[in-house]
Structures are given as structure tokens and as C-alpha cells.
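Given next are the chains, with one letter for each unit.
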Amino acid sequence: MTRQLILIFGDQLSQSISSLRSADKARDTVLMCEVWDEATYVRHHKKKIALIFSAMRHFADELCSAGWSVEYRTLTDTGPNGSFSSEVGLAVARRDPTRIVVTSPGEWRVLADVRGWQACFAVPVDILDDDRFICSTAEFGAWTHGRKQLRMEYFYREMRRKTGLLMDGAQPVSGQWNFDHDNRRAAKPDLLMPRPKQFAPDTITRDVLQLVQSRFHNHFGDLEPFWFGVTRADAENALDHFVTTALAQFGDFQDAMLEDAPFLYHSVLSIYMNIGLLDPLEVCRQVEAAYRAGRVPLNAAEGYIRQIIGWREYVRGIYWLKMPGYVDQNFFEHGRTVPDFYWTGETDMACLRSAIGQTWREAYAHHIQRLMVTGNFALLAGVSPQALHEWYLTVYADAFEWVELPNTLGMSQFGDGGLLASKPYVASGAYINRMSNHCKGCRYDVGKPHGPDACPFNPLYWSFLARHRDKLADNPRMAQMYRTWDKLTDERRNNSLGSAEAFLAGLDGV
Ligand code: FAD
Ligand code: DLZ
Ligand code: SF4
């Protein structure tokens with residue numbers, strides 16, 4: 001008889017995860033399973049499935065080498081109807097454990113299943129906190145009490161104080177908390193631009209690639225070349241590489257976009273942090289050490305650390321605070337389906353073609369592409385936040401609902417009416433032109449306000465503002481935009497609205 005059955009999910013690949021810390025190597029059994037249900041609840045990018053299956057298989061091997069007894073169920077073992085619940089049911093029947101232990105899963109729908117297991121299998125189930133995060137869900141809940149607005153900046157300062165990162169005693173290093181204003185430079189094409197560390201597939205990964213190609217060939221995206229790291233050692237290597245080659249420039253060019261430069265100076269480390277191969281706090285400590293050693297400037301180190309102990313922790317807090325209702329919010333009552341070209345990249349709009357094309361190839365786009373290109377366009381066009389949420393969850397290798405949903409529905413689509421963002425992230429083509437070189441090669445003219453050749457972002461921007469005036473006019477951060485709109489001539493306003501309408505009709509294929 002197994003004493004405890006420890007279930008480890010595919011995004012919990014850390015030897016210090018709370019479920020393993022509470023277990024006894026000598027008597028307990030670890031269960032890991034590749035299941036059809038998880039691989040298909042959205043049609044994940046092929047690279048994401050390959051990353052998770054290969055990292056799971058490597059992690060199971062590491063656990064065995066460390067003396068754990070592991071039952072690993074491949075997709076072939078679990079079959080076409082496999083789910084976490086069916087696999088736990090089978091393992092309980094086989095092993096008759098005294099208890100089931102899991103670290104709390106990262107998605108609400110899985111937590112709801114886990115909560116049903118005790119009644120279903122007549123075995124006690126312990127759900128332990130996921131303490132890979134700096135702020136627990138209880139601590140985040142306490143922080144929100146009595147606050148009218150949940151602004152990330154104040155939460156971030158709390159996390160700086162809590163961790164001591166970039167602090168001199170009680171004060172931020174250099175006396176300034178945030179260098180965001182310094183981090184908005186446009187980039188130029190540069191042949192010496194670093195690339196994220198790439199790893200050649202080993203035998204385990206090659207087996208997984210074959211499996212993914214044969215079972216998930218109709219899913220989104222290119223499977224190969226597959227270069228992601230799949231072990232903790234790989235991920236640490238990728239972190240060292242980022243800190244040495246790209247971090248110094250991260251701050252300056254954080255918001256920049258360039259044709260044919262999918263990664264710029266970004267770290268591409270979310271894929272590792274989100275599945276447990278890197279510990280976020282260790283990542284931040286390494287970044288701080290590079291700053292303290294004089295190897296990277298403060299605006300880079302601060303900008304990077306803010307994304308992790310600020311945004312990453314904050315969106316997770318919001319997710320668990322507001323779920324399960326959060327996913328249904330739709331402040332603007334938008335209902336359009338995701339345009340077909342989001343699934344193919346086939347569009348004349350160069351910025352969208354570039355962002356979606358690299359998403360197809362790499363299962364990656366950086367933050368400004370997600371927010372100000374695909375997100376901005378979807379919001380201006382009135383795409384349903386729920387449909388868009390499914391798209392983001394499908395296409396990115398780092399997408400797990402706890403982080404993806406608040407970013408998509410809250411930050412990018414303002415679907416929560418301003419809980420997460422103080423104003424909608426909408427912009428005309430001028431913003432994209434300022435931050436990128438896409439417009440030079442585009443069939444549309446970014447300088448034209450309306451007409452068939454005008455950059456579609458331009459009329460769509462004004463038509464969005466006009467459409468939602470009743471919901472946005474009282475927002476002080478929108479006042480300047482409405483003043484500008486009101487100063488336009490009637491003719492100019494009508495031309496913009498007409499162009500937007502014609503463009504959207506084309507999008508619908510009318
Ligand atoms: P870098 O630019 O190098 O940033 C460093 C790290 O900071 C990232 O690895 C990530 O862990 C963290 N980070 C940065 N911004 C955010 C943020 N807004 N929220 C949470 N963490 C952040 N991130 C995900 O991890 N998974 C998602 O599914 C996801 N979906 C998104 C959807 C939309 C619409 C938007 C606007 C953002 C989304 N993000 C998501 C946040 C961000 O875009 C990615 O974390 C980032 O692009 C990952 O690439 P990177 O590792 O190169 O990040
Ligand atoms: C994303 C994913 C995929 C594609 N497949 C599996 C799987 O077969 N087995 C597994 O344990 N985890 C998988 N995952 C990650 C899970 O979706 C993730 O752990 C849950 O969403 C967390 O709640
Ligand atoms: Fe994008 Fe408009 Fe620039 Fe074309 S002109 S790349 S559509 S912003």
C-alpha cells in the first residue's frame with residue numbers, strides 16, 4: 001500500500017514544490033501523467049505541448065535519480081479519454097493510498113476538479129499552497145482590503161520591501177522606485193542582437209516531438225525547430241545567458257518592436273518560470289547581483305525585477321481574488337469572433353503579420369506585441385474578450401490561465417472595467433510607428449487618418465472612442481483624447497467612422 005499519492009502537474013516541475021516537501025521518499029509515490037484532456041482543452045501550440053511533455057519526462061527522471069518512486073504515465077498509456085481525474089481514479093484503485101497530496105494547481109478549472117476528488121475517491125485530499133510565489137493568495141487578499149483601487153505600483157513597492165530587492169534599508173536604491181519613463185526607446189536593426197539560449201533536442205525530446213507531430217498535427221504553430229530548454233539546468237543556463245548578453249539593454253528597449261527580431265532584448269524566461277524550472281525570486285536575485293556588480297544599469301535591473309515581483313505576482317493575485325466570475329466579464333460587451341488572420345498571420349497589416357507570424361513559429365511574442373499589436377487591434381475591433389482569451393491561451397508557450405487571463409481580459413481588453421488598468425490600452429498607428437519599423441514595409445499608410453489606404457488602427461481608434469463614450473468619458477485619463485476628438489471637424493469625424501465601419505465589414509467578410 002502506498003502511503004501518500006503525490007500528484008505533480010506539468011507546470012510544477014520543481015524539486016522544492018510544496019507537495020514534495022511534505023512527502024516521504026521511502027514510502028510515498030509520485031504520479032505524473034500526460035493526458036489528452038489537458039493537451040486539448042484548447043488546441044495549444046505544438047511547441048507548448050512538446051515543452052511540457054519533454055520537461056515532465058526529464059523531471060520524472062530527475063526524481064527517480066533522486067530516489068523517488070515515480071509512476072509516469074505517457075499519453076499512450078493514458079489514452080484518448082485521459083484526464084487528471086481518470087488517472088487519479090486509476091492510481092487510487094491500483095495503489096490504495098492513505099491520502100492524495102497536491103500543490104494547488106494554477107488554473108481554477110483544475111482546482112475545481114481536485115476539490116471533488118475526496119468525495120469521488122473516498123480518500124482524503126490535501127491541497128497545499130503553491131509557495132513558488134512571493135505573495136500568497138491570502139496575503140494578496142489582505143493587501144486589497146479597504147483599497148478603492150488595486151494599483152500595481154503600490155503592490156510592487158510592498159514586494160520590494162518584502163524581498164529587499166534593490167533596497168537600501170527602507171528606501172529604494174537611488175531613491176527612485178520606478179524607471180519606466182526611461183524604458184521607451186525605439187530599437188534599430190542590429191546584426192549583433194543577442195538571441196535567447198537555444199538547446200538541441202536530446203533523445204527524450206525527439207521522442208516527444210514525434211508524439212506531438214503524430215497526435216497534434218492539427219494544432220496551432222510550427223513544432224520545429226524546437227530549441228526550448230527542458231530541464232532546470234537548461235533553464236539556469238538560459239538565465240545566465242540572458243543576464244550576460246541582453247539584460248543591460250532590456251530596460252531601454254523594453255517597449256520596442258522590430259521586423260524580424262522576435263526576441264529583441266527580452267529574456268524568454270516566462271516559459272521556464274511558469275512550469276517550475278526557474279524560481280522567480282532566484283531570477284530576481286541574479287538580476288540584482290548583476291546590477292550590484294556594475295554589470296547592468298539600474299533602469300534595466302529595476303525594469304526587469306518589476307515585471308516579476310510586480311506584474312507577475314499582481315496578476316496572479318487578481319486571478320485568485322476574482323475567479324471564477326472574472327472570466328465572464330465583458331465591460332464593453334464586445335462580441336466579435338477572433339479574426340481568421342489571427343490563426344494564419346495572413347494579413348496586409350505588417351505589424352500584425354509580424355507578431356502573429358512569429359507567434360506561429362516560436363510560440364512567443366513579447367509584451368508590447370501582445371498588448372499594443374494583437375491586443376490593441378482586438379480591442380479596437382470589438383473582439384469578445386472571452387474569444388481572445390482562448391486565443392492567447394492557445395498560442396503562447398508560457399500561457400497558463402492564472403497569468404494569461406488577467407493580462408488578456410483585464411490589462412489588454414479592459415474587460416473588467418478598469419480593475420487592473422486605469423485606462424484602456426488603445427492606440428492609433430502613430431504609437432506602433434514610433435516604437436517599431438513595421439510601418440515602413442506596410443501596404444497601409446500610417447500617416448493617413450482615413451480612406452482605403454489608411455492604417456486601419458487610425459480610424460478604428462477614433463471609432464472605438466466614439467462608440468464607448470458613455471463608458472469612458474468620465475475617466476480622467478481619457479479626457480485629452482475626447483478633447484482631441486471633439487476638436488476634429490464633422491467631416492473628419494464622419495470620414496473616420498465611415499472608414500472604420502468599412503474596414504470592420506471587410507473583416508466580417510460582408
Ligand atoms: P520579459 O520581457 O523578459 O519579462 C520578464 C518576465 O517578467 C517574464 O518572463 C514574465 O515572467 C514577467 N512578466 C512581464 N510582464 C508580465 C505581465 N504583464 N504579467 C505577468 N508576468 C509578466 N505572460 C505569461 O507568462 N503568460 C501568459 O500567458 C501571458 N499572456 C499575456 C497576454 C497578454 C494579452 C499580455 C498583454 C501579456 C501577457 N503576458 C503573459 C505577460 C508578458 O507578455 C509575458 O510574460 C512576456 O512577454 C514573456 O516573455 P519574456 O519572458 O521574454 O518576458
Ligand atoms: C498545459 C499542459 C498540457 C498541454 N498537458 C499537460 C499534461 O498532459 N499533464 C499535466 O500534468 N499538465 C499538462 N499541462 C499543464 C496543465 O494544464 C497545468 O498544470 C494546469 O493547467 C494547472 O492547473
Ligand atoms: Fe501596423 Fe498601421 Fe503600421 Fe501597417 S501602417 S504596420 S497596420 S501600424
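Here, the structure is the one placed above.
Described in the following lines is the structure provided in the data block. Along each chain, numbering runs from 1 in the same order as the chain's sequence is written. Labels are handed out in written order, letters beginning with A for the chains and numbers beginning with 1 for the ligands. Per-residue local features are limited, in this predicted model, to residues with pLDDT of at least 70; the limit for side-chain atom pairs, both in listing and counting, is 80 or more; totals at the level of whole chains, interfaces and linings are taken over all residues. As a convention, hydrogens and water are excluded, and side-chain values are obtained from all of the structure's heavy atoms.

### What to know about the overall build of the protein
Link 1 in the chain: Strands here are runs of E lasting at least two residues and helices are runs of H or I lasting at least four, both read from the DSSP assignment and numbered beginning at the N terminus. Broken down by element type, the protein carries 24 helices and seven strands.
Link 2 in the chain: Counting only C-alpha atoms, the protein reaches 80 × 55 × 50 Å along its principal axes.
Link 3 in the chain: With a 1.4 Å probe rolled over the protein chains alone, any residue whose accessible area is under 20% of its type maximum counts as buried; one over 50% counts as exposed, and the rest are partly exposed. The buried share among the 510 residues of the protein stands at 59%.
Link 4 in the chain: Here, two residues are considered to be in contact whenever any of their heavy atoms come within 4.5 Å of each other. Of all intrachain contacts in the protein linking residues separated by at least 6 positions in sequence, the fraction that spans at least 24 positions is 78%.
Link 5 in the chain: Here the accessible surface of atoms and residues is derived via Shrake-Rupley with a 1.4 Å probe, and residues count as covered only by protein chains that are part of the display. Accessible surface, the protein: about 20,700 Å² in total, of which carbon and sulfur atoms supply 50%.
Link 6 in the chain: His is not counted, nor are the chain ends; Lys and Arg add positive charge and Asp and Glu add negative charge. For the purpose of locating charges, the reference atoms are NZ of Lys, CZ of Arg, CG of Asp and CD of Glu. The positive charge centre, built from 55 side chains, and the negative charge centre, built from 61, are 4 Å apart in the protein.

### With respect to the sheet that holds strand 5 (residues 125-128)
Link 1 in the chain: Read from one edge of the open sheet, five strands run 3-2-1-4-5, paired in parallel fashion. Pairing within the sheet leaves two strands with one partner each, and these edge strands are strand 3 (69-73) and strand 5. Averaged over all pairs of adjacent strands, the angle between strand axes in this sheet comes to 25 degrees, irrespective of strand direction.
Link 2 in the chain: Examined bridge by bridge, strand 4 (residues 99-103) and strand 5 share four bridges and lie parallel to one another. Paired with Val-101 across the bridge in strand 5 is Asp-126.
Link 3 in the chain: Contacting strand 2 (29-33) and strand 3, helix 3 (residues 46-65) runs over the sheet at an angle of about 160 degrees to strand 3.
Link 4 in the chain: The angle between two axes is taken between their N-to-C directions and runs from 0 to 180 degrees, where each axis is a line fitted to C-alpha atoms and a helix contributes only its stretch in contact. Against the sheet, helix 5 (residues 84-95) touches strand 1 (4-7), strand 2, strand 3 and strand 4, its axis set at about 150 degrees to strand 2. In this analysis, strands are considered paired if DSSP registers two or more bridges between them.

### Observations regarding the layout of surface pockets
Link 1 in the chain: Note on definitions: the grid is 1 Å and covers protein atoms alone; a cavity is a set of points where a 1.4 Å probe fits but cannot get out; a pocket is an open set with protein on both sides within 12 Å along at least five of seven lines; lining residues have an atom within 4 Å of a point. Grid points are joined across faces, edges and corners, and a volume is the space filled by probe spheres set on the points. One number sums up the size of the second largest pocket: a volume of about 530 Å³.
Link 2 in the chain: Forming the walls of the second largest pocket are 34 residues, and the residues nearest its centre are Asp-129, Asp-130, Asp-131, Arg-132 and Phe-133.
Link 3 in the chain: Where the lining of the second largest pocket is concerned, the elements lending two or more residues are helix 3, helix 6 (108-121), helix 12 (270-275), helix 13 (280-292) and helix 14 (298-322).
Link 4 in the chain: Residue contributions to the lining of the second largest pocket peak at three residues, all from helix 14.
Link 5 in the chain: For this classification, Asp, Glu, Lys and Arg are treated as charged, while Ala, Val, Leu, Ile, Met, Phe, Trp, Tyr, Cys and Pro are nonpolar and the rest, including Gly, are polar. In terms of residue class, the lining of the second largest pocket is made up of twelve nonpolar, nine polar and 13 charged.

### Considerations on the environment of Leu-211
Link 1 in the chain: Within the fold, Leu-211 resides in helix 9 (residues 203-215).
Link 2 in the chain: A C-alpha to C-alpha distance of 9.7 Å links Leu-211 and Phe-53, two positions 158 residues apart in sequence.
Link 3 in the chain: With near-sequence residues (within four places) excluded, Leu-211 lies in contact with Glu-34, Phe-53, Arg-57, Leu-75, Thr-76 and Phe-216.

### A short note on the site of ligand 1
Link 1 in the chain: Summary of the distance rule: residues count as near a molecule or strand when at least one heavy atom falls within 4 Å of that molecule or strand. Within the structure, ligand 1 sits among 29 residues, and His-266, Ser-267, Val-268, Asn-274 and Tyr-364 are positioned closest to it.
Link 2 in the chain: Any pair of N or O atoms that falls within 3.5 Å is considered a polar contact. Within protein, one atom must be able to donate a hydrogen and the other to accept it, and sequence-neighbouring residues count only if both atoms are side-chain atoms. Ser-267 has a polar side-chain atom sitting 2.6 Å from an oxygen atom of ligand 1.
Link 3 in the chain: Surface burial for ligand 1 is 99%, taken as the share of its 810 Å² of free accessible area covered by protein chains.
Link 4 in the chain: Mapped onto the shell around ligand 1, the elements with two or more residues apiece are helix 12, helix 14, helix 17 (367-381) and helix 19 (401-412).
Link 5 in the chain: Along the lines of polarity and charge, the residues of the shell around ligand 1 split into 15 nonpolar, ten polar and four charged.

### Regarding helix 5
Within an α-helix, residues lying three or four positions from one another point in the same direction, as the helix has 3.6 residues per turn.
Link 1 in the chain: A helix's residues, less one, multiplied by 1.5 Å, set its expected span. With twelve residues, helix 5 should cover 16 Å at 1.5 Å per step; its first-to-last C-alpha distance of 16 Å lies within 8% of that length.
Link 2 in the chain: Residues of helix 5 that are buried include every one of Phe-84, Glu-87, Val-88, Gly-89, Ala-91 and Val-92, and no others.
Link 3 in the chain: Directly after helix 5, the chain includes Asp-96, whose backbone phi takes a positive value near 50 degrees.

### Observations concerning helix 3
Link 1 in the chain: When the terminal C-alpha atoms of helix 3 are compared, their 29 Å separation across 20 residues agrees well with the 28 Å that a helix rising 1.5 Å per residue should span.
Link 2 in the chain: With 16 of its 20 residues buried, helix 3 lies for the most part within the structure.

### With respect to unusual backbone geometry
Link 1 in the chain: Here Glu-224 and Pro-225 are connected by a cis peptide whose omega angle stands at 0 degrees.
Link 2 in the chain: Summarising the element assignment, Pro-225 is placed in the loop between helix 9 and helix 10 (232-245).
Link 3 in the chain: Of note, the bond from Met-323 into Pro-324 is cis; its omega dihedral lies within 30 degrees of zero at 10 degrees.
Link 4 in the chain: The residue Pro-324 is located in the loop between helix 14 and helix 15 (341-344) in this model.

### With respect to the side chain of Glu-71
Link 1 in the chain: Assignment of secondary structure puts Glu-71 in strand 3.
Link 2 in the chain: A distance of 2.9 Å separates polar atoms of two side chains, one belonging to Glu-71 and the other to Arg-95.
Link 3 in the chain: Other than its neighbours up to four places away in sequence, Glu-71 contacts Thr-29, Val-30, Leu-31, Met-32, Arg-94 and Arg-95.

### With respect to the environment of Trp-143
Link 1 in the chain: Topologically, Trp-143 is positioned in helix 7 (residues 137-144).
Link 2 in the chain: The exposure class of Trp-143 is buried, given its relative accessible area of 9%.
Link 3 in the chain: Separated by 67 residues in sequence, Trp-143 and Thr-76 have C-alpha atoms that sit 45 Å apart.
Link 4 in the chain: Leave out the neighbours within four places in its chain, and Trp-143 touches Leu-150, Arg-151, Tyr-154, Phe-155, Glu-158 and Tyr-314.

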